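Observations on the three-dimensional arrangement
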Amino acid sequence: MHFICERSVLNEALHILQNVVGTNTTLPILSNILVEVSDKKELTLTATNLEVGIQFKLDVEVKDQGTCTLPGRKLFEMTKEMAGEKIEIEVSSDYIGIIKSGNAVFRLMGLSSDEYPRLPRLDKVHTAKLTASVLRDLLKKTAYAISSDEARYVLNGVYFIVAKGDVVVVATDGRRLAMVKKKTEIDPNLDAGIILPAKTVNELMRILHGDIEVEILFSETQVGFKLANMLMISRLIEGKFPNYDQVIPKKTKESVVIQKEEFQNIIRRVSLINTGKSNLVKFRFNDGSLTLTASNPDVGEAKDDMSIEYKGDDFVIAFNPVYLLDALKILDDEQINFEFSESTAPGVLKSGDDFTYVIMPMKLR
Amino acid sequence: MSSIKYELWNRSLIRRVIDSGRVAHAYLFLGPDQQKKIWTAISMAKALMCSETGAFFCDQCPTCKKINSHNHPDVLWLRPSGARREIKIEMARSIQATLSLKSYEGGKKVAILIDADRMNTEAANSMLKTIEEPADNTYLILIAADVERFLPTIVSRCQQVYFPLEDRSSIVDFLASECHVEPSRAEVIASLAYGNYSEAIKYLDDDRLEWREYIIDLFFRIFHSETDIFELAETCEKRIIDRAELSVKNIPPDQAGATPDGSDLTSMERASVEKSVFNEEVSVFFQILELCCRDFIIYNETGDAELLVNSDKVEALSRYARGFSMERLLRCMVEIGNAFKAYQGNTKLQFVLEILFDRIQQELVA
């Protein structure tokens, strides 16, 4: 195997592949990257940790075709530190790679590609297309609500649904639930629902940006994301996501418009008094104002208020401020809608026409 | 797949369970023979996953081949590691995370936990839910010698299957046809292995058979009144140390170096792994010595070569074993047991051996 290519292009691809190159001790070959050169001027780089796999196809100048695997981390570090504009890689039949760029030369011990697990082939695929920035936004608005409790593994990911041309993404940890719904141009006949593992969601958010088109390939057990010259394939979480629709209150008694920035600021201020042990902030709505109070017997007390357009009865409800801040942090709207019925029923935070956030109240003491 | 492994599978209860379509999602494979349980677990994984229809499994398709070579992404293996030879909570969590995903190849998933009784309490507790209610198409096989070390909550969630020892002739067959061991040697190993495939394989892997010869020879040398006990004890200790050092070098990396996060063991942990290998080697020595003494007693009493474990040593036995009183011989046996206990109680091995050899010599050399 022998090829020459742009060093920066190769480095960029290897940089993304690093995220899935494993330190898996059970299958040591996974710390290598599969390098394949076909006869058609194409270099394929593949890395997988058996959960998420990423594959790049790059145009290169092919001198000799072949396949092998090379240590992922070292290869990345070399391409990063070398100085030349072009890089030349030649791998002998006993899997020893010679890597040249500028005046620097490396010899790198590789392994045969026979043992490397191939990315699964996606069968019976349905495809949907989305813009990278849209997909990223959908994930960003939900990912923080993913549960980290391994015992409820169906919640360890986002529920990604495509139906009637809408994309709905939901995540919950049982105490709060984030949902975004987006109208898209996807074929209205496509009906798919998958649970994407948290790791995959994080990888995707790292990769997705700009206006490139992402092709989503749904299959029975795996999902693929195709962006330009990159393909990412992920396994899915087994099981049935809980009926999230049931959790979202259909009707609430009150709905208040709140200036987001100020709301976020006073929550942050008042919750300064909270420590790990006590994490409760009281929200008092009365005519024209919202007052936040928090008290912590070990530290002290805090109080702050803001004016709002509220005309209803005097009303008190308590929330964990962290959960509210999580959602407020990722919203860019100036105003949000806050809805509630009673102090023992969930509060609902809405923004735009696509974002819904349900949060369970805490018990008032 | 070998005919013997297939025969074992055919006779197993699991085969009938799969046949009837009532597979439980968690099995606990018990019994003294590790190898037999692992073979059956592999066969069960193949039977559940083989893509060929018809027979239980074909052993030819890519799925079966990958399972055989431990390379199937949907067959997960978990075994204890680290200095304390434990299955730790991080390992349990990582296998749970993988099991919660849909299968890599779209079929069923099987997790095989070797020495599952080495799960520490936290790991065992975290596995409870997975064992009770695994995700769809997921099967767990826990392998252990007995249920004693398990949390009762784990045991009650699994279907127990007990694998008894084989008869001697099966072991001889296995050694002769699968491992190409010459018949006379196979007979001896089979007697020593007590119907346990794992033990029989151990005799093939290292030079334990030769080690046995040395120990038997050593036993007889004690009978010569001119033998210097102290010198004998010294060389014997040295041989044991040499063997232990060799086995330390041969510890598979997943037991010696690997902690689950991939970091190296500290020197203290390393020392503890080496110590346990050394202890294992010493216990092998005493086991062989004890068997040798047992044969001596039996031959002395009955003169029947058929009853001997070391059946190839009749000639040497007949030279020495005549006319000893049962009492003296039994006292020797007790001394061997006491010596091992003294070693476990941290007495220096060399002293243990000196005293033991001296006592045996006093009893048997009038």
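Residues numbered from 1 in each chain as written. Chains lettered and ligands numbered in written order. Predicted model: local features only at pLDDT ≥ 70, side-chain atom pairs only at ≥ 80, totals over all residues. Heavy atoms only, no water.

An unreviewed UniProt entry lists chain B under the name DNA polymerase III subunit delta, from Candidatus Auribacter fodinae.

The condition that has to hold: UniProt positions are given in the numbering used here, feature names are shortened, and annotations may be inferred rather than shown by experiment.
Looking at an unreviewed UniProt entry, one finds chain A named Beta sliding clamp and attributed to Candidatus Auribacter fodinae. Listed under Sequence similarities (unreviewed entry) in UniProt, the entry text for chain A is "Belongs to the beta sliding clamp family." As recorded by UniProt, the Subunit (unreviewed entry) comment attached to chain A reads in full: "Forms a ring-shaped head-to-tail homodimer around DNA."

1. Quick notes on the overall build of chain A
In plain terms, the rule: Numbering of helices and strands runs from the N terminus; a helix is a DSSP stretch of H or I covering at least four residues, while a strand is a stretch of E covering at least two. Exposed residues in this analysis have more than 50% of their type's maximum accessible area, buried residues have under 20%, and partly exposed residues fall in between, with area computed by a 1.4 Å probe over protein chains only. Residue-level accessible areas treat just the shown protein chains as cover; the underlying method is Shrake-Rupley with a 1.4 Å probe. Note that His is not counted, nor are the chain ends; the positive residues are Lys and Arg, and the negative ones are Asp and Glu. Where a charge lies is defined by one atom per residue type: Lys uses NZ, Arg uses CZ, Asp uses CG and Glu uses CD.
In terms of regular secondary structure, chain A is built from six helices and 25 strands. On the principal axes, the C-alpha backbone points of chain A span a range of 80 × 50 × 35 Å. Within chain A, the fraction of its 365 residues that count as buried is 54%. When the accessible area of chain A is evaluated, it comes to approximately 17800 Å², of which 46% is carbon and sulfur surface. For chain A, the distance from the average site of its 45 positive side-chain charges to the average site of its 52 negative ones is 3 Å.

2. A look at the overall build of chain B
What chain B contains, in helices and strands, is 17 helices and five strands. With the principal axes as the frame, chain B shows a C-alpha extent of 75 × 45 × 35 Å. The buried share among the 366 residues of chain B stands at 51%. Here chain B has roughly 17400 Å² of accessible surface; of this, 49% comes from carbon and sulfur atoms.

3. Some thoughts on the interface of chain B and chain A
For an interface, size is often stated in terms of accessible area lost upon the parts coming together. For clarity, the threshold we go by: Residue contacts follow a heavy-atom distance rule, with two residues in contact if any of their heavy atoms lie within 4.5 Å. Here's the idea: put two parts together, see how much 1.4 Å probe accessible area each one loses, and the total over both is what we call buried area. In the sections that follow, a salt bridge refers to a side-chain nitrogen of Lys or Arg positioned within 4 Å of a carboxyl oxygen of Asp or Glu. Two N or O atoms count as a polar contact when they lie within 3.5 Å, although within protein this holds only if one can serve as hydrogen donor and the other as acceptor, and sequence-adjacent residues are included solely when both atoms are side-chain atoms. Under the convention adopted here, Pro, Cys and the residues Ala, Val, Leu, Ile, Met, Phe, Trp and Tyr are nonpolar, Asp, Glu, Lys and Arg are charged, and Gly plus all remaining residues are polar.
The interface is formed by 20 residues belonging to chain B together with 20 residues belonging to chain A. Here chain B and chain A share an interface that buries about 1700 Å² over both sides, 53% of which is from carbon and sulfur atoms. Ranking the residues of chain B by area buried against chain A places Leu101, Lys102 and Tyr104 of chain B at the top, with a combined share of 44%. Inspection of the region where chain B meets chain A yields two salt bridges. Measuring nitrogen to oxygen at the nearest pair gives 3.6 Å for the salt bridge that ties Arg235 of chain A to Asp74 of chain B. If you look at where chain B meets chain A, you find six residue pairs in polar contact (both at pLDDT 80 or more). Residues belonging to the side of chain B that touches chain A are distributed by class as follows: six nonpolar, eight polar and six charged.

4. Section: the packing of helix 12 (residues 229–249) of chain B against helix 14 (residues 267–302) of chain B
All names here are of chain B. Heads up, the rule is: All axes are obtained by fitting lines to C-alpha atoms, using only the stretch in contact for helices, and the reported angles, taken between N-to-C directions, cover 0 to 180 degrees. For classification, angles of less than 35 degrees are called roughly parallel, those exceeding 145 degrees roughly antiparallel, those between 65 and 115 degrees roughly perpendicular, and all remaining angles oblique. In this scheme, a crossing is called left-handed if the near helix is turned counterclockwise away from the far one by less than a right angle; it is called right-handed if the turn is clockwise.
Packing of helix 12 against helix 14 brings their axes to within 9 Å, and their N-to-C directions diverge by 130°. Between helix 12 and helix 14, the crossing angle belongs to the class labelled oblique. For the pair helix 12 and helix 14, the crossing hand works out as right-handed. When helix 12 is examined against helix 14, the residues Cys236, Ile240, Ile241, Arg243, Ala244, Ser247 and Val248 are found in contact with a partner set consisting of Arg270, Glu274, Val277, Phe278, Glu281, Val282 and Phe285. When grouped by side-chain class, the residues that make up the contact of helix 12 with helix 14 number nine nonpolar, one polar and four charged.

5. Here's the deal with the side chain of Arg212 of chain B
Within the element layout of this structure, Arg212 of chain B appears in helix 11 (residues 208–221). Setting aside anything within four residues of it in sequence, one finds Arg212 of chain B in contact with Val188, Leu192, Ile288, Asn310, Asp312 and Lys313 of chain B.

6. Comments concerning empty space enclosed by the protein
All names here are of chain A. This is how the line gets drawn: Cavity and pocket criteria rest on a 1 Å grid covering protein atoms alone: a 1.4 Å probe that fits but cannot get out defines a cavity, protein on both sides within 12 Å along at least 5 of 7 lines defines an open pocket, and an atom within 4 Å of a point defines a lining residue. Grid points are joined across faces, edges and corners, and a volume is the space filled by probe spheres set on the points.
Applying the stated criterion across every chain yields a total of one cavity of 30 Å³ or more. The calculated volume of the largest cavity comes to roughly 40 Å³. Those elements that place two or more of their residues in the lining of the largest cavity are strand 4 (52–59) and strand 17 (230–235). Looking at the lining of the largest cavity element by element, the count peaks at three residues for strand 17.

7. Brief notes about the sheet that holds strand 8 (residues 96–101) of chain A
All names here are of chain A. For the record, the criterion: Here the rule is simple: two strands pair whenever DSSP picks up at least two bridges between them.
Strands sit in the order 5-1-7-8-9 across an open sheet of five strands; the sheet is antiparallel. Each having just a single partner strand, strand 5 (61–64) and strand 9 (104–109) make up the two edges of the open sheet. Within the sheet, the average angular offset between the axes of one strand and its neighbour, ignoring direction, is 15°. Note that strand 7 (residues 86–91) and strand 8 share four bridges and pair antiparallel. Residue pairing across strands places Val91 opposite Gly97, the latter belonging to strand 8. Contacts from helix 1 (residues 7–17) reach strand 1 (2–6), strand 7 and strand 8 within the one sheet, and its direction differs from that of strand 1 by about 95°. Running at roughly 175° to strand 9, helix 2 (residues 72–81) makes contact with strand 7, strand 8 and strand 9 of the sheet.

8. Remarks on unusual backbone geometry
All names here are of chain B. At Tyr194, a residue that is not glycine, the phi angle is positive and equals roughly 55°. Tracing the chain through its elements places Tyr194 in the loop between helix 9 (183–193) and helix 10 (197–205). A positive phi angle, near 75°, is found at Asn346, a position not held by glycine. Structurally, Asn346 is set in the loop between helix 16 (326–344) and helix 17 (349–364).

9. With respect to the confidence of the model for chain B
The cut-off we apply is this: pLDDT expresses, on a scale from 0 to 100, how confident the predictor is about each individual residue.
Per-residue confidence for chain B gives a mean pLDDT of 83, with 93% of residues at or over 70. What the predictor reports for the complex is a pTM of 0.76 with an ipTM of 0.73.

10. Describing the domain arrangement of chain A
Selection criterion: The start and end points of each domain follow an automatic or database-based domain assignment.
What the domain assignment reports for chain A is domain 1 (2–109), domain 2 (126–245) and domain 3 (249–359). Using only C-alpha atoms to locate each centre, domain 1 of chain A and domain 3 of chain A end up separated by 51 Å.

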